[in-house]
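Chain residues, written in single-letter form:
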Amino acid sequence: MSVDEFSEMGPVDYLVLEFPGNRMTGEGLPLLLDLVERRVIRVLDLSFVRKDEDGTVTALKVADLDGDGELDLAVFEGASSGLLGEDDLQEAATVLEPGNSAGILVYENLWAAPLAAALRRSGARMVANGRIPAEDLLASLEALEAGTAGSDS
């Protein structure tokens, strides 16, 4: 990837999704495909690992993840920008419980690319970013509602 290509990219994020008991149903796949088809995101890397009960980590091939005889992720076969290396897969597996699998997804937020490119051209730079877990948002909303409900009396 050239510097020129990078200057037009949107923010790049990653997810590590754990599947307890190695049960990958494929239920979220149509939603992921929809995001790609609508050009909301671009999948840069998609890899899978399994962590055995003894702690051994094995990379998994893109395959029939839910056992229905169809290649669920064939559309992503070869989706590899080279950003994810073996060391990244090993590191991702450290957060897995033994006996579970994980999908590691690296994706570009295409929806934000024009804004990000404009900001870079103007000299702006990101100095912090993060994500707020849904559970934290719910807890904050519940606390606000409890506080508001208490002040009505």
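Since this is a predicted model, take the numbers as computed values, not measurements.

Counting residues in each nonpolar core, the largest one holds 11 residues, listed as M9, L44, V49, L84, L89, A92, A93, L96, A102, I104 and V106. Elements with a minimum of two residues in this core: β2 (41-51), α3 (86-93) and β4 (100-109). Excluding residues that lie within four positions of it along the chain, A93 makes contacts with V49, K51 and V57. In this structure, L32, L46, F48 and L105 belong to the second largest nonpolar core, which totals eight residues.

Sheet architecture is open: four strands sit in the order β1-β4-β2-β3, paired in antiparallel fashion. The open sheet has two edge strands with one neighbour each: β1 (12-19) and β3 (57-60). With strand direction ignored, the average angle separating the axes of adjacent strands in the sheet is 25°. Pairing between β2 and β3: four bridges, direction antiparallel.

Reading the values: rules and limits
Residues numbered from 1 in each chain as written. Predicted model: local features only at pLDDT ≥ 70, side-chain atom pairs only at ≥ 80, totals over all residues. Heavy atoms only, no water. Core = buried A, V, L, I, M, F, W, Y, C linked by side-chain atoms within 4.5 Å. Buried < 20%, exposed > 50% of the residue type's maximum accessible area, 1.4 Å probe, protein only. Helix = DSSP H or I, 4+ residues; strand = E, 2+ residues; numbered from the N terminus. Contact = heavy atoms within 4.5 Å. Pairing = 2+ DSSP bridges. Axes fitted to C-alpha atoms, helices over the stretch in contact; angles between N-to-C directions.

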